[in-house]
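# Overview (structure and organization)
Residues per chain, in single letters:
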Amino acid sequence: EPEVTQTPSHQVTQMGQEVILRCVPISNHLYFYWYRQILGQKVEFLVSFYNNEISEKSEIFDDQFSVERPDGSNFTLKIRSTKLEDSAMYFCASDLAGGGETQYFGPGTRLLVL
Amino acid sequence: AQSVTQLDSHVSVSEGTPVLLRCNYSSSYSPSLFWYVQHPNKGLQLLLKYTSAATLVKGINGFEAEFKKSETSFHLTKPSAHMSDAAEYFCVVLNSGGYQKVTFGTGTKLQVIP
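Summary of the structure given here. Worth saying up front: this structure is predicted, and the values here are computed from it rather than measured.

Calculation rules
Residues numbered from 1 in each chain as written. Chains lettered and ligands numbered in written order. Predicted model: local features only at pLDDT ≥ 70, side-chain atom pairs only at ≥ 80, totals over all residues. Heavy atoms only, no water. Helix = DSSP H or I, 4+ residues; strand = E, 2+ residues; numbered from the N terminus. Rg over C-alpha atoms; globule rule 2.2 N^0.38 Å. Buried < 20%, exposed > 50% of the residue type's maximum accessible area, 1.4 Å probe, protein only. Contact = heavy atoms within 4.5 Å. Areas by Shrake-Rupley, 256 points an atom, 1.4 Å probe, with all protein chains shown as cover. Lys, Arg positive; Asp, Glu negative; His and termini not counted. Charge placed at Lys NZ, Arg CZ, Asp CG, Glu CD. 1 Å grid on protein atoms, 1.4 Å probe; cavity = no way out; pocket = protein on both sides within 12 Å on 5 of 7 lines; lining within 4 Å. Points joined across faces, edges and corners; volume = space filled by probe spheres on them. Nonpolar A, V, L, I, M, F, W, Y, C, P; charged D, E, K, R; others polar.

## Thoughts on the overall build of chain B
Within chain B one finds zero helices and 12 strands. In terms of C-alpha radius of gyration, chain B reaches 14 Å, essentially the compact-globule figure of 13 Å for 114 residues. The principal-axis extents of the C-alpha atoms in chain B amount to approximately 45 × 30 × 20 Å. Relative to its full complement of 114 residues, chain B shows a buried share of 45%. Within chain B, counting contacts between residues at least 6 apart in sequence, those at least 24 apart form 56% of the total. Just so you have it, chain B exposes about 5,500 Å², and 52% of that area is on carbon and sulfur atoms. Within chain B, one finds 9 positive and 7 negative side-chain charges whose respective centroids are separated by 8 Å.

Here's what the structure looks like:
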């Protein structure tokens, strides 16, 4: 069974620091996504990425956030200057065809900003 | 615009009794609909998906859901609850009419009483 992996599983950082969350999507997938889930709240869409560019982003995904697929296998989410309210579980997902029926989620990275 | 409403934030059932988790959606396009489960401190796992084929969809662990266009509903059911079903369940709609954007419901916490 193919799976999406994410590292680290947990990260603690100081407010104002930069963090990079890493994801390894399923190898033949073409569409990539980041979501977040603040504790006790629903999962929120952040950004989708296809063909080496952002295809859609939510209002949450402001200039503090960026995504990259640096080497053809990893898919990263960078938060430039973390805020307390960035504390959340961040999920990566990948999809073969973009229709959602082949979308797989990673286990998540729990980010805590102090 | 699309939205998902999960009518119950908490559902409590006795082990061995039926489970019903309700979901209503709105979408401007023909939607794809999903149910995901999240066990404590775990990632999201796909239970089942509807993508315009059969309206009664069977998923893993004995769960199924029926797409009812006239009622704009996609309720999740299971004939007999098991202790291991205790988790949070998310109904998700995917807009297939444009760029991929996934909208999550607010989740339903299922408690199974022995």
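## A few points about the layout of surface pockets
Computed from the structure, the largest pocket encloses a volume of approximately 560 Å³. Together, 25 residues line the largest pocket, and Q37 and G40 of chain A together with Q38, E88 and K109 of chain B are the ones closest to its centre. Elements with a contribution of two residues or more to the lining of the largest pocket: β9 (88-95) and β11 (109-113) of chain A together with β10 (87-95) and β12 (108-113) of chain B. The element best represented in the lining of the largest pocket is β11 of chain A, accounting for three residues. Class assignment for the residues of the lining of the largest pocket results in nine nonpolar, 11 polar and five charged.

Any functional reading would require information beyond the geometric quantities listed.
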